[in-house]
Each structure stands twice: as C-alpha cells, then as structure tokens.
Amino acid sequence: MRKDVVVLGAGIVGVSIAVHLQKRGRSVLLVDKRKPGEETSFGNAGLIQREGVYPYGFPHDFGALLRYALNNTIDAHYHWAAIPKLAPFLWQYWMHSRPAQHKAIARMYAPLIERSVTEHMALAEESGSTHLIRPTGWMKVFRDEKSRDEQFKDAEDVKRDFGVNFDALDTRAVAEREPHLKVETKGGIHWTDPASVSDPHMLTMGYVGLFERLGGELAAGDARSLEQTPTGWRVQTEKGPVEAGEVVIALGAWADVVTTKLGYNLPLAVKRGYHMHYKPVGNAVLNRPTLDFDRGYFLAPMTKGIRLTTGAEFANRDAPKTPVQLQRAEPIARDFFPLGERVDPEPWMGMRPCTPDMMPIIGPAPKHKNLWFGFGHAHHGLTLGPVTGRLLAEMITGETPVVDPKPYRADRF
C-alpha cells in the first residue's frame, strides 16, 4: 500500500490532522496500536478551553510548594522513584512558569487557544457531532475568599489582555447556576466562552467517521516499525507494509518511542490523570463542568454520568496505576455534589504529554525531510486537536498557516 501521508497516533490530535489532510486532497492512513480515541482522548475533563491562554504552570508560591512536597493533595501526586528522572524536566518547567516567562508564553500560545472552539465547531458540523458540544462554559467555585479574590484578579487580566469573557459570581449566583451543589461557596467564576463535550471519545469517533467518509483509511500498526526509505517512509501495519511520502508523529505521551529512535532528545514528560463516573443521586443535575478550586478536583456532566477527574500525577509513564487522588477526592466530592454509586468497574488512567514550556510541538522535524511532529499538548489535547490539525495540514500542503507556527517548532529546544 502507498499513501501520501501516514499519521501515527489516533487520539484527537492525530485524528484531526488526518481529517484536515484528507480534506486537502491527500490520501491518508491513520495508524495506531489501539482503536481511535482509546488512550488520553478517552478520559479528559471534556473542556474546550477558550479561556486557557495561560497553560497550566508550575506553582511558585511557597504554600503550594509545601503542600505538594507533603504528597497528600488531590491536585498533585508524585512517585518518589520517578523524581530523579523527572527532575531536569521539573526544573525547566518551574523556570518557564515564572510570571514574566509565563506571560510571554501566553502571548505565543493564545493564537491556538483563540481558535479552539471555532475549529472544533467546524469539524463537529461537518461530522454531525454538534450535539456532543455544549456552549455552556464552565465554572470554578471557591470555598476561600482569598483564593476567590486572587482568581477574580487573574480573570480580569485574561479578559483585558485576551478578550475572554467571564461572569464573576457571588454565593447566590453560584447557587442559581448550580442549584444542586451541597456546599455554600464563597463565589465563583463562570467562563462563558469555552465549550464542553458530553462524550470526548464519541466526539473523536465522530471525527473519525468524517475522515473515513472523505476517503481516509485506518489500520492497526506499531509506530516503532517506522523506517526511512529512499522515497519517504515505511511502517508495518495489519494491512502489510505501507509506504508514504510523508509521516506525522502524533503519538502524544508515546511520541518519544519513535522520536528517540530517530535521534531526537526532546524534553517530554508525562502527567498522568484519573477519572471515575458516578450516577447522580435522585434528580440532581450538574449543568456545566465545575472545578472545586480549593480542593483540586473537577466534576463534569458526561453521557455516562458525572465524571470526577483529578489533577496531575508525576510518575513514569508505564508505572502501575496509583489512583490515590481519586480516593482522596471522592468523599469531598460527595459532600460537594450528590454523587451516587460508581459506574466504572475501576478508575481510568490517562497520560498527558508535556513540554517544559507548556506549548505543543507542531511542525517539521529538524533532522528529517517529510517528517512532521504534532504532540506535547499537555492538558489541552482535546482543546487544540482541530486547530493543530488545520495548522499542520496547511504546513504540509504549502498553504498559508492559520497562525504563525514558529513558536511551536521542535528546534526551540
């Protein structure tokens, strides 16, 4: 088999790249070991974070650092055995998260984030998936007045600098928008520009359906078999060897499996995360995704139930599951919202692929012709899948890119 492009990795980013290439007349094979959308794209919080111009940084206040050092929080957990390997990444991550650097990164990151909802809606309309996307925004609510006031100030800065809209809520307004919350909050922020997804896996599969209707093909295969040929690239699949003029690596947390073999030493790390679904008690309804800010967990209404998601776990990618953050969060979440019985037989775990400067790697591979990268989206894989797909497809086909791709190039490291 011969194709114009092989895309390695069938999460939301890889699927979006494949769709946009197929729309531009390229013949594309989408390759993954598993079925599409069954890894990280399966288990996120379901947010399309239009407000997320500041990527998730490493805390710089002493109180937060002390809390994390004790290793007993919901929003962060780490494996001691992984720290020596992670230390260089964490140091760079901390340096890039300093206020001046973080602000500069936000300026470079914003052009992608600004197009996140519109690019999703374009693919959702073409794929018949708009019913999965809700324009209800999301909320963060506060139990502490100090954290509320700090977050209000930060939100005002984001609105001023990047034009993102929000409503500042008092206790009563939070209760009006989410009447089934069981605690009396100190107020909240309702980000009104973002969207949320009721089933991230089904949305990914909707985009896969569009890809196939456009003539794209899927195949199971091992990305580690990728090798260069005199005319391009070859990868082994269930359909036999496939050759292509160009290849895109969109393997998320597993990108280094291929890039390291090809001689790249990119500073990639993994933040693991967990979720569990619950039935709501009685007629309780959660109208939009909601962050219990001062406790560090997230509740999102999904087709399957109320999804409880945790923060970041710093561990070796392939280490066994340790869902202690879910265990810590569940009793607090039950006191926050009427959660009933668990729906899932066991906690789900996924891997967020991260770079120390918190921006994805999108663009040509520096050392190889006709090899492209599209990974490292950290907490914003779902958010940035379609705009990444469009940007990379435009670069590959020689169109004028929708945004300047320079900040996301691989050779910045």
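You'll find the protein chain entered in an unreviewed UniProt entry as FAD-binding oxidoreductase, with Microvirga mediterraneensis given as the organism.

Turning our eyes to something else, we now look at helix α8 (residues 200-213). Helix length check: α8 (14 residues) gives 20 Å between terminal C-alpha atoms against 20 Å at 1.5 Å per residue, within 8%. The buried fraction of α8 amounts to ten of the 14 residues, a majority that puts the element mostly inside the structure. Taken residue by residue, α8 has Pro200, His201, Leu203, Thr204, Gly206, Tyr207, Val208, Gly209, Leu210 and Phe211 as its buried positions. A positive phi of about 105° marks Gly215, the residue just after α8.

Positive phi outside glycine occurs at Asn71, with the angle close to 60°. Exposure remark for Asn71: the relative accessible area of 14% places this residue in the buried category. The backbone of Met358 shows a phi angle near 70°, a positive value even though the residue is not glycine. One can find Met358 in the loop between β20 (348-354) and β21 (361-364).

A word on the pairing of strand β2 (residues 28-32). By the criterion of burial, β2 is predominantly enclosed, with five of the five residues buried. Pairing between strand β1 (residues 2-8) and β2: four bridges, direction parallel. Bridge pairing links Val7 to Leu30 in β2. In this view, the connection linking β1 to its parallel neighbour β2 by way of helix α1 (residues 12-23) has right-handed handedness. Bridge count between β2 and strand β10 (residues 217-220): four bridges; the pairing is parallel. Residue Val31 lies in a different strand from β10, and its bridge partner there is Ala219.

As summarised here, the arrangement of the three strands in space is β3-β9-β5, forming an open sheet in which the pairing is antiparallel. Taken across any chain shown, the strands that pair with only one partner, and hence form the sheet edges, are β3 (47-48) and β5 (133-134). Pairing of β5 with strand β9 (residues 195-197), which is carried by two bridges, proceeds in the antiparallel orientation. Residue pairing across strands places Ile133 opposite Val197, the latter belonging to β9.

The rules we used
- Residues numbered from 1 in each chain as written.
- Predicted model: local features only at pLDDT ≥ 70, side-chain atom pairs only at ≥ 80, totals over all residues.
- Heavy atoms only, no water.
- Helix = DSSP H or I, 4+ residues; strand = E, 2+ residues; numbered from the N terminus.
- Expected span 1.5 Å × (residues − 1).
- Buried < 20%, exposed > 50% of the residue type's maximum accessible area, 1.4 Å probe, protein only.
- Pairing = 2+ DSSP bridges.
- Right-handed = clockwise from strand over helix to strand, strands pointing away.

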